[in-house]
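Close look at the chain arrangement
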Amino acid sequence: MKSFQTTKDIWDANLYDHKHSFVSKYGNSLVELLNPQQGEKILDLGCGTGDLANALYEHGAKIVGVDKSQNMVEQAISKFPHIEFMVQDATNLDYDHEFDAVFSNATLHWVQPADKALSGIYKSLKQGGRFVAEFGGKGNVQTIINEIIQQIQETGFEFNRSQFPWYYPSIAEYSTLMEEAGFRVTYAQHYDRPTPLDGENGLKNWIHMFGKNLFEGLNEHTTNEIISTVEHNLKEILYNDGTWIADYKRIRVIGIK
Ligand code: BEZ
């Protein structure tokens, strides 16, 4: 099995654990959907700092957690030394009929090409194994993205589509890719999940943590000015009773090999 290290690691594992822990908290209901069984071998694809891998482990499963970010994997190993974690790119999986399940929470919107990831996931599974995933779907955080792009353009800069870091498919599109990879899709859902962001600076922190690519080529001062304007303009829409609510739209899928 090959490990894969990226050249640029954009992830701050401490910030992720302290200010964005909601990512794993929401994932607990995906663990329920997976329904891990004692003794199953499960791949946690995009394990982040390991909280859900540990939840799976506590169900008695044998877990391998992989993430593209070295920072995240190092933090996962220090928090959960009893679990096997390693750096790996979801589009370069190299497992063959090894897992009873592949589990992935809040990761696949970062992964392209999706068909390449799906064929690796499919190959990783034993016959009859299941793939259970949740990630950002079509229209995810659209209000925030639209406002950022508008402000970048109004400040006089071009916004290039190649700076858009995410893949937000519809369930029709993603289910089709799953079928093309060989899966029988037994479940597909696209739902709204308004997501409270931590604290008064929740929106600003979210943009700094997840949306850095959108500001590629802009200096720190301009980026911060744009983010302040975005905050100001979205306050009426997304700020309620002291809490920022991001307009998440998720897809959930189950595929059987
Ligand atoms: C999501 O989980 O949907 C998500 C998280 C960070 C950035 C974009 C989307």
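To be clear, the structure that these remarks concern was listed above.
Report on the accompanying structure. As the structure is a computational prediction, the values presented were derived from the model and not from experiment.

Glancing now at the packing of aromatic side chains. All told, the structure shown has 14 aromatic pairs when counted by the stated rule. Relative to Trp166, the ring of Phe164 lies with its centre 5.6 Å away and its plane at 90°, an arrangement referred to as edge-to-face. Judged by centre distance (6.5 Å) and plane angle (70°), the rings of Trp206 and Tyr248 are edge-to-face. Here Tyr248 lies in strand E8 (residues 243-256) and Trp206 lies in helix H8 (residues 202-210), a separation of 42 residues in the sequence. We note that Trp206, like Tyr248, is buried. Joined through ring pairs, the aromatic side chains of Trp110, Phe164, Trp166, Tyr168, Trp206, Phe210 and Tyr248 make up one cluster. Across from the ring centre of Phe99, 5.0 Å away, lies the NZ or CZ of Lys41, which sits over that ring. Over the face of the ring belonging to Tyr239 we find Lys235, whose NZ or CZ atom lies 4.6 Å from the ring centre.

What follows covers the environment of Leu125. For Leu125, the location among the structural elements is in strand E5 (residues 125-136). Overall, the relative accessible area of 0% leaves Leu125 in the buried class. Apart from residues no more than four positions distant in its own chain, Leu125 is found in contact with His97, Glu98, Phe99, Asp100, Ala101, Val102, Arg130, Phe131, Phe183 and Lys257.

It is worth spelling out the site of the ligand at this point. Taken together, Ala106, His109, Trp110, Gly136, Asn140, Trp166, Tyr168, Trp206, Phe210, Tyr248 and Arg250 make up the full set of residues near the ligand. About the coverage of the ligand: the protein hides 97% of its 260 Å² of free accessible area. Grouping the amino acids of the shell around the ligand by side-chain chemistry returns seven nonpolar, three polar and one charged.

Counted under the stated rule, the structure contains nine salt bridges. With a closest N to O distance of 2.9 Å, Arg130 and Glu40 form a salt bridge. Highlighted residues: Arg130 in strand E5 and Glu40 in the loop between helix H2 (22-34) and strand E1 (41-45), separated in sequence by 90 residues. A relative accessible area of 13% places Glu40 in the buried class. Taking the shortest distance from any N to any O, the salt bridge between Glu231 and Lys204 comes out at 3.9 Å. Of the two residues, Glu231 sits in helix H9 (residues 220-238) while Lys204 sits in helix H8, which places them 27 residues apart along the sequence. Judged by relative accessible area, Lys204 falls into the partly exposed class, the value being 27%. Among the charged side chains, a salt-bridge network with shared partners connects Glu134, Arg193, Arg250 and Arg252.

All right, on to unusual backbone geometry then. Of note, the amide linkage connecting Gln112 to Pro113 takes the cis form, showing an omega dihedral of 0°. With respect to the secondary-structure elements, Pro113 resides in the loop between strand E4 (99-105) and helix H5 (114-124). The phi dihedral of Ala106 falls on the positive side, at around 55°, and the residue is not glycine. Mapped onto the fold, Ala106 is located in the loop between E4 and H5.

So, on to the packing of H8 against H9. H9 packs onto H8 with a crossing angle of 135° between their chain directions and a minimal axis gap of 10 Å. What the angle tells us is that H8 and H9 run oblique. The hand of the H8/H9 crossing is right-handed. Across the interface between the two elements, Leu203, Lys204, Ile207 and His208 from H8 touch Asn224, Ile227, Val230, Glu231 and Leu234 from H9. In terms of residue class, the contact of H8 with H9 is built from five nonpolar, two polar and two charged.

Cut-offs applied
Residues numbered from 1 in each chain as written. Predicted model: local features only at pLDDT ≥ 70, side-chain atom pairs only at ≥ 80, totals over all residues. Heavy atoms only, no water. Phe/Tyr/Trp six-rings, centres within 6.5 Å; stacked < 30°, edge-to-face > 60°. Helix = DSSP H or I, 4+ residues; strand = E, 2+ residues; numbered from the N terminus. Buried < 20%, exposed > 50% of the residue type's maximum accessible area, 1.4 Å probe, protein only. Lys NZ or Arg CZ within 6 Å of the ring centre and 35° of its normal. Contact = heavy atoms within 4.5 Å. Near = heavy atom within 4 Å. Areas by Shrake-Rupley, 256 points an atom, 1.4 Å probe, with all protein chains shown as cover. Nonpolar A, V, L, I, M, F, W, Y, C, P; charged D, E, K, R; others polar. Salt bridge = Lys/Arg side-chain N within 4 Å of Asp/Glu carboxyl O. Axes fitted to C-alpha atoms, helices over the stretch in contact; angles between N-to-C directions. Parallel < 35°, antiparallel > 145°, perpendicular 65-115°, else oblique. Left-handed = near helix turned anticlockwise from the far one by under 90°.

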